[in-house]
2 protein chains.
Amino acid sequence: MESLLKYIRNHIELTREEEEFLVSKVFLRKYLKGQYVVQQGDICKYECFVLSGCTKMFYLDDDGQEHIILFSIEDWWTSDMGSFITQTPADFNIQCLENTELVMFSFDIIEELYEKIPKLERFFRQIIERAFVASQKRIVRNFALTAKERYLYFRKQYPKIEQRIPQYMVASYLGITKEFLSKIKSQLSLEE
Amino acid sequence: MESLLKYIRNHIELTREEEEFLVSKVFLRKYLKGQYVVQQGDICKYECFVLSGCTKMFYLDDDGQEHIILFSIEDWWTSDMGSFITQTPADFNIQCLENTELVMFSFDIIEELYEKIPKLERFFRQIIERAFVASQKRIVRNFALTAKERYLYFRKQYPKIEQRIPQYMVASYLGITKEFLSKIKSQLSLEE
DNA sequence: AATAGATGTTAAACTAGATTAACATTATTT
DNA sequence: AAATAATGTTAATCTAGTTTAACATCTATT
């Protein structure tokens, strides 16, 4: 739990009481590799801060194909925000790719935290603003860049994630097939 | 300006004083068709609420190709949020597709409004949450749907926008060429 | 009414990336 | 150590969407 506080202290200053209040309201949950945090159709009850491990968030389309939207590792957040804020069934799945420890912020608790600690509401607003900006930029990259360029960008931007994740999941995140990513990689190794 | 208040009243309740404070801090600006609200490289100084008219936000890639990220009409917001929150040069352009009236929220003013009217900060957080969710869902649609399916979704979701906008811009928004959208439309007209 | 500029259509040739399928490699389990 | 499952590679064939280019229509301006 200390690394959650460290993360928060990195951005805002809370009093000792505020920190204690926060810690008393959230709880830690451990998942094994392969377990689901959220399943498509369930209501997403928590926003989760990743203490350790790794998760993927993905959409399962009508053909059963998996489309990975987001990987989350230490110090990142994960949740189906659409489901969370409306408390309606989730469109996405969140599954652990490693044994994972999450700090769970429930819907009611988060409202209570916003109420009691306005600084925290401001901080969360800023986190969401940044997430939104990143998401819009990803849309542009998907339009303006080729698969190879997107892969190079991913590799540069998230070198730590690439190493922890099977290649076919990277392909899914990039919106291409595993075979095509394999081709791109062999092309790149010839170029170098 | 009344329609801004109407929009806000639709979601939260402000006191008469709060409304007056808000109105005293923002200002209205009129643009002609074709004018730019933000240009790639400039710092985006305002978040803008659309009173009337229509804007497009787009990215110009290295080949000079335009990629439309967002159309905004009455009661929508527009800004390059990435530039706005960091006050660094914008990646995107925002241009008016019709004569357009915007309510301008500057960076400093918006901070002041958050400070004085916490309800407003909460409201803006919720707006951004929804924008983020919409953006993530668009990423999925771009991966999981064909161009034809994306077009049908757009037509259903934003019927009012389609009517106001040249077809080649719809194509850009969908991430396809104008020629291919034309083909899709002629296919659809044969089917019906 | 004529011209010019902006928008939309059609069709042929082309390409980035998908599909299929067979095989190779690496982990994991027994 | 063998067997099984999971992951990764290669290559041939295929397709959704692009490119190019010529033409059509619509709108605004003189």
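Structure shown above.
Residues numbered from 1 in each chain as written. Chains lettered and ligands numbered in written order. Predicted model: local features only at pLDDT ≥ 70, side-chain atom pairs only at ≥ 80, totals over all residues. Heavy atoms only, no water.

Visitor: Give me the lowdown on the overall build of chain A, citing residues and values where you can.
Guide: Looking only at helices and strands, one finds nine helices and eight strands in chain A. Taking the principal axes of the C-alpha coordinates as reference, chain A spans close to 60 × 35 × 30 Å. Counting across all 192 residues of chain A, residues that qualify as buried make up 49%. Taking the intrachain contacts of chain A between residues at least 6 apart in sequence as the baseline, contacts between residues at least 24 apart amount to 70%. If you sum the accessible surface of chain A, you get close to 9600 Å²; carbon and sulfur atoms cover 51% of it. (Helix = DSSP H or I, 4+ residues; strand = E, 2+ residues; numbered from the N terminus. Buried < 20%, exposed > 50% of the residue type's maximum accessible area, 1.4 Å probe, protein only. Contact = heavy atoms within 4.5 Å. Areas by Shrake-Rupley, 256 points an atom, 1.4 Å probe, with all protein chains shown as cover.)

Visitor: An account of the protein's contact with DNA strand C is needed here, citing residue identities and associated values.
Guide: As a matter of local geometry, DNA strand C sits amid 14 residues, with A:Ala147, A:Thr177, B:Gln167, B:Tyr168 and B:Ser182 nearest to it. What you see for DNA strand C is that sugar and phosphate hold 78% of its atoms within 4 Å of the protein. Residue B:Tyr168 places a side-chain N or O atom 2.6 Å away from a phosphate oxygen belonging to DNA strand C. Looking at the surface near DNA strand C, the elements that each hand over two or more residues are helix H6 (147-157) and helix H9 (178-191) of chain A together with helix H8 (167-174) and helix H9 (178-191) of chain B. (Near = heavy atom within 4 Å. Polar contact = N/O pair within 3.5 Å; in protein donor to acceptor, adjacent residues only side chain to side chain.)

Visitor: Describe the protein's contact with DNA strand D, with residues and values.
Guide: Around DNA strand D lies a shell of 14 residues, among which A:Gln167, A:Tyr168, A:Ser182, B:Thr177 and B:Glu179 are the nearest. Each atom of DNA strand D within 4 Å of the protein belongs either to a base or to sugar and phosphate, the latter forming 74%. Here A:Ser182 contributes a side-chain N or O atom positioned 3.1 Å from a phosphate oxygen of DNA strand D. Residue B:Ala147 places a main-chain N or O atom 3.3 Å away from a phosphate oxygen belonging to DNA strand D.

Visitor: Account for the interface of chain A and chain B, naming residues and giving values.
Guide: On the side of chain B, 36 residues touch chain A, which itself brings 36 residues to the contact. Together, the buried faces of chain A and chain B total about 3500 Å²; carbon and sulfur atoms form 67% of this surface. There are eight salt bridges connecting chain A and chain B. Across the pair A:Arg122 and B:Glu121 runs a salt bridge, and its minimum N-O distance is 2.8 Å. Taken together, the links from chain A to chain B amount to nine residue pairs in polar contact (both at pLDDT 80 or more). When residues of the side of chain A that touches chain B are traced back to their parent elements, those giving at least two are strand S4 (55-60), strand S5 (66-72), helix H3 (81-86), helix H4 (107-116), helix H5 (118-144) and helix H8 (167-174) of chain A. At 18 residues, the largest contribution of residues to the side of chain A that touches chain B is made by H5(A). Classifying every residue of the side of chain A that touches chain B by side-chain character gives 18 nonpolar, seven polar and 11 charged. (Buried area = accessible area lost by both parts, 1.4 Å probe. Salt bridge = Lys/Arg side-chain N within 4 Å of Asp/Glu carboxyl O. Nonpolar A, V, L, I, M, F, W, Y, C, P; charged D, E, K, R; others polar.)

Visitor: I'd like a rundown of the relation of the copies chain A and chain B, residues and numbers included.
Guide: Expressed as a screw transformation, the operator carrying chain A onto chain B has a rotation angle of 180 degrees and an axial translation of 0.0 Å, and the superposed copies differ by an RMSD of 0.0 Å. A rotation of that kind, with that shift, is consistent with a two-fold axis. No C-alpha of chain A lies nearer the rotation axis than that of A:Phe132, which sits 2.3 Å from it. Most of the interface of chain A is mirrored in chain B, where 100% of its interface residues again form contacts. (Least-squares fit on C-alpha atoms with pLDDT ≥ 70 in both.)

Note that all results are geometric; they support no functional claim without further evidence.
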